[in-house]
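Analysis of the macromolecular model
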Amino acid sequence: MEKKYCGIIFDLDGVICHTDHYHYLAWKKLAEKEHIYFDESINHRLRGVSRMESLEILLERADKTYTEEEKERMAEAKNTIYVELLGQMTENDLPENVKRTLDDLRKKGYLLAIGSSSKNTKRILKYIGLENYFDAISDGTNITRSKPDPEVFLKAAEMLELSAEKCIVIEDARAGIDAAVAGGFASAGIGEAKLHSGVTYQLESFEDLTQIV
Ligand code: B16
Ligand code: MG
């Protein structure tokens, strides 16, 4: 049977592993220090969004305005807390069903890429034992515009030498599905991304991916 897609582009945080919880804890700590209200539902809006844009969302609830310099320092402080939390990660933080599915897809000849907004992508992949696993890595270090802009996925497709229509994007964030749609990619949504009206497939669990590609 001819394959519908040749390349699969995975979001990292919230799809391959659950660093989303560490992002939440780090932002929460920063918010508490600054006496800014922050909760899980605000945190959902940060999914897939760059560090500085995430900070702007968090500051919507602040009582004072911050200078650009203060914002830079706050984003850096959040990242320091986040990176410290990441330090606890091991290969056990790569869910077994995710690894099994990735191995299966690779065996079937699909090209696999990462399309993540995170500047910590390579560090995380190393911790979970996927350092040299993917055929391409497009992340926060090679883009100038974050999701919902399609740049990160377009770059991943380019690295795989495939057109957007030959790739499918796997996402947990609404901003990520917006980016996939804007770039002309099919998409599979996990978690809250499943509810996005533009999503091509709704994934109940990661391993169901083998049935849609
Ligand atoms: P960093 P993804 C995104 O990763 C996260 O979902 C988002 O919450 C975070 O702000 C962004 O990466 C930037 O991360 O601060 O590590 O550069 O979902 O696109 O894999
Ligand atoms: Mg994500």
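That block above? That's the structure.
Structure report, in brief. Chains are numbered independently. Their residues run from 1 in the order of the written sequence. To label them, take the chains in the order written and letter them from A, then take the ligands in the order written and number them from 1. In view of the model being predicted, local features appear only for residues whose pLDDT reaches at least 70, and side-chain atom pairs are presented and counted only at 80 or more, with totals across whole chains, interfaces and linings using the full set of residues. Note that water and hydrogens are dropped before the side-chain values are worked out from all heavy atoms of the structure.

1. Observations regarding the site of ligand 1
- Put simply, a residue is near a molecule or strand once any heavy atom of it comes within 4 Å of that molecule or strand. Every one of the 18 residues lining ligand 1 counts as a neighbour, but Asp13, Val49, Ser116, Ser118 and Lys119 are closest to it.
- Here an oxygen atom of ligand 1 sits 2.6 Å away from a polar atom, N or O, in the main chain of Val49.
- In this structure, Arg51 approaches ligand 1 through a side-chain N or O atom, which is 2.7 Å from an oxygen atom.
- Considering ligand 1 on its own, with 470 Å² of exposed area, one finds that the protein chains cover 98% of that surface.
- Placement of ligand 1 is best described as lying within the largest pocket.
- Three residue categories are used. Nonpolar comprises Ala, Val, Leu, Ile, Met, Phe, Trp, Tyr, Cys and Pro, charged comprises Asp, Glu, Lys and Arg, and polar comprises the others, including Gly. Residue composition of the shell around ligand 1, by class: 4 nonpolar, 8 polar and 6 charged. We define a polar contact as two N or O atoms separated by no more than 3.5 Å, with the added condition that, inside protein, one atom must be a possible hydrogen donor and the other a possible acceptor, whereas residues neighbouring each other in sequence contribute only through side-chain atom pairs. Each accessible area is a Shrake-Rupley estimate made with a 1.4 Å probe; only the visible protein chains count as cover when residues are assessed. Cavity: a set of points on a 1 Å grid over the protein atoms alone where a 1.4 Å probe fits but cannot get out. Pocket: an open set with protein on both sides within 12 Å along at least five of seven lines, its lining residues, like those of a cavity, having an atom within 4 Å of a point. Throughout, a molecule is located in a cavity or pocket provided that more than half of its atoms lie within 2 Å of its grid points.

2. Overview of the coordination of the magnesium ion (ligand 2)
- Of the protein atoms, only Asp11 (OD), Asp13 (O) and Asp172 (OD) coordinate the magnesium ion (ligand 2), at distances of 2.1 to 2.2 Å.
- The donor definition counts N, O and S atoms within 2.8 Å of each metal and applies 3.2 Å to Na, K and Ca; water is not among these atoms, so some sites may look incomplete. All donors to the magnesium ion (ligand 2) come from one chain, and their sequence spacing reads D-x1-D-x158-D. This pair shows no difference in class: Asp11 is buried, exactly as Asp13 is. Exposed residues in this analysis have more than 50% of their type's maximum accessible area, buried residues have under 20%, and partly exposed residues fall in between, with area computed by a 1.4 Å probe over protein chains only.

3. Considering unusual backbone geometry
- The omega torsion across Lys147 and Pro148 is 20°, close enough to zero to call that bond cis.
- Strands here are runs of E lasting at least two residues and helices are runs of H or I lasting at least four, both read from the DSSP assignment and numbered beginning at the N terminus. Mapping Pro148 onto the fold places it in the loop between strand 3 (136-138) and helix 7 (151-160).
- Positive phi, normally seen in glycine, also occurs at His35, with a value near 55°.
- Residue placement: His35 occurs in the loop between helix 1 (20-33) and helix 2 (40-44).
- For Glu161, which is not glycine, the phi torsion reads 60° and is therefore positive.
- Assignment of secondary structure puts Glu161 in the loop between helix 7 and strand 4 (167-171).
- We classify Glu161 as exposed; its relative accessible area is 72%.

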